[in-house]
Amino acid sequence: MEGAQISFSAGTMLGYFISGAVYALLPITAFLLLKRAGTARLWPAIVGAVVYFLTTRLSDFFAYIFGACQDHAVKAAISAELVCIFEELGRCLAMRYPVTNIKAMNSAVCYGIGHGGLECLIRGAAAFRVMGYGSRLSSRGSDSFTAGKSPEKAAQITERLAELADHPLYLSLISSVHSISTFGVHIALSLLIFVKVRETGQLRWLMAAIGLHYFMNGTAWALSFAGAPLLSEIMGIACGGAVIALVCRIIRIRGRFDQIIYPELFGD
């Protein structure tokens, strides 16, 4: 496709804006709701964000070591698999050491908000950055992206711009729902680790958390080969909902709401 033929429609731009806004508002809204209930804790949320940053960087580091001779796509796939282990190990360590001050379920929820929240903010920034690409393409043309590049690199850039432009509004709306599901999974896995690992000391539940994380990432990776973004988003929502429902059943969430709403009665 020629660069001059590529354009971001108004619907596509609106979709990226909605996606970015949802990503940005998710962690903020969740934290403010807990704050309104009087159970928000800032430090566990900060710990969650720090652990997310460190574990994802570790995953990228080892992916570049293990895939040193592979292309970027292979390195990204390796990182996506390793992050399931590193994130859950980091989550477990954060729950078990006093410095994090995660002593009650409301703090575990705040940890999940921080952990998933940083991911949301990064993805939100990416969505707004794509809006910038669309605005730049509209005002300055594709030459502003490809000038001075080799023919091969210019072709790659043009192809990528075409992919980003071919993103209808409905897909962004469904992607926003998917982001809510994924954010909920981070909170659910934080509660699973807190209840079943920190309280019982049984590390088999850490393996369960890693397995559930693999289920999420593995499904997304497998569906990426289908070339059907809509199917991928819908299945992501379904898988996220299934993980949340399973964790809620395992930890018997209905009997634990008081521990979140009234943490002072349970050690926080």
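Fair warning: this is a prediction, and the values are worked out from it, not measured in the lab.

## A word on the confidence of the model for the protein chain
Okay, step 1: Averaged over every residue, the pLDDT of the protein chain is 88; residues scoring 70 or more account for 95%.
Okay, step 2: Across the protein chain, helix 1 (residues 10–37) holds the top mean pLDDT of 95, while helix 10 (residues 257–261) sits lowest at 74.

## A word on the packing of helix 2 (residues 42–66) against helix 4 (residues 105–140)
Each pair of packed helices can be described by the angle between their axes along with the distance between the axes.
Okay, step 1: The geometry of helix 2 relative to helix 4 is characterised by a closest axis approach of 7 Å and an angle of 45 degrees between their N-to-C directions. Considering their axes alone, helix 2 and helix 4 lie oblique with respect to each other. The hand of the helix 2/helix 4 crossing is right-handed. Of the residues in helix 4, those in contact with P44, A45, V47, G48, A49, V51, Y52 and F53 of helix 2 are S107, C110, Y111, G114, H115, L118, E119 and I122.
Okay, step 2: Class assignment for the residues of the contact of helix 2 with helix 4 results in eleven nonpolar, four polar and one charged.

## Concerning the environment of V51
Okay, step 1: Along the polypeptide, V51 turns up in helix 2.
Okay, step 2: As a C-alpha pair, V51 and R91 span 40 residues in sequence and 7.3 Å in three-dimensional space.
Okay, step 3: Once residues within four sequence positions are removed from consideration, V51 is found in contact with G90, R91, A94, Y111 and H115.

## Here we look at the layout of surface pockets
Okay, step 1: Its boundaries defined by the atoms lining it, the second largest pocket holds a volume of some 330 Å³.
Okay, step 2: If you trace the second largest pocket, you find 16 residues lining it, with L34, V109, I187, L191 and I260 closest to the centre.
Okay, step 3: Sorting the residues of the lining of the second largest pocket by element identifies helix 1, helix 4, helix 7 (169–198) and helix 10 as the ones contributing at least two each.
Okay, step 4: Ranked by residue count, the leading element in the lining of the second largest pocket is helix 1, at five residues.
Okay, step 5: The residue inventory of the lining of the second largest pocket, partitioned by class, reads 15 nonpolar, one polar and no charged.

## Description of the nonpolar core
Okay, step 1: Counting 43 residues, the largest nonpolar core has I113, L189, L191, L192 and V247 as the members making the most contacts within it.
Okay, step 2: Mapped onto this core, the elements with two or more residues apiece are helix 1, helix 2, helix 3 (72–96), helix 4, helix 7, helix 8 (204–224) and helix 9 (229–250).
Okay, step 3: For this core, the element with the highest residue contribution is helix 7, accounting for eleven residues.
Okay, step 4: With near-sequence residues (within four places) excluded, L189 lies in contact with E88, R91, A209, L212, H213, V243 and V247.
Okay, step 5: Membership of the second largest hydrophobic core comes to twelve residues, among which are F8, Y16, L161 and L164.

## Concerning the packing of helix 1 against helix 7
Okay, step 1: Two elements in contact, helix 1 and helix 7, have axes separated by 8 Å at closest approach and are oriented at 15 degrees. As far as their axial angle goes, helix 7 and helix 1 are roughly parallel. For the pair helix 1 and helix 7, the crossing hand works out as right-handed. Across the interface between the two elements, G11, L14, G15, Y16, I18, S19, V22, Y23, L26, P27 and A30 of helix 1 pack against L169, S172, L173, S175, S176, S179, I180 and F183 of helix 7.

Quick notes on the rules
Residues numbered from 1 in each chain as written. Predicted model: local features only at pLDDT ≥ 70, side-chain atom pairs only at ≥ 80, totals over all residues. Heavy atoms only, no water. pLDDT = per-residue confidence, 0-100. Helix = DSSP H or I, 4+ residues; strand = E, 2+ residues; numbered from the N terminus. Axes fitted to C-alpha atoms, helices over the stretch in contact; angles between N-to-C directions. Parallel < 35°, antiparallel > 145°, perpendicular 65-115°, else oblique. Left-handed = near helix turned anticlockwise from the far one by under 90°. Contact = heavy atoms within 4.5 Å. Nonpolar A, V, L, I, M, F, W, Y, C, P; charged D, E, K, R; others polar. 1 Å grid on protein atoms, 1.4 Å probe; cavity = no way out; pocket = protein on both sides within 12 Å on 5 of 7 lines; lining within 4 Å. Points joined across faces, edges and corners; volume = space filled by probe spheres on them. Core = buried A, V, L, I, M, F, W, Y, C linked by side-chain atoms within 4.5 Å. Buried < 20%, exposed > 50% of the residue type's maximum accessible area, 1.4 Å probe, protein only.

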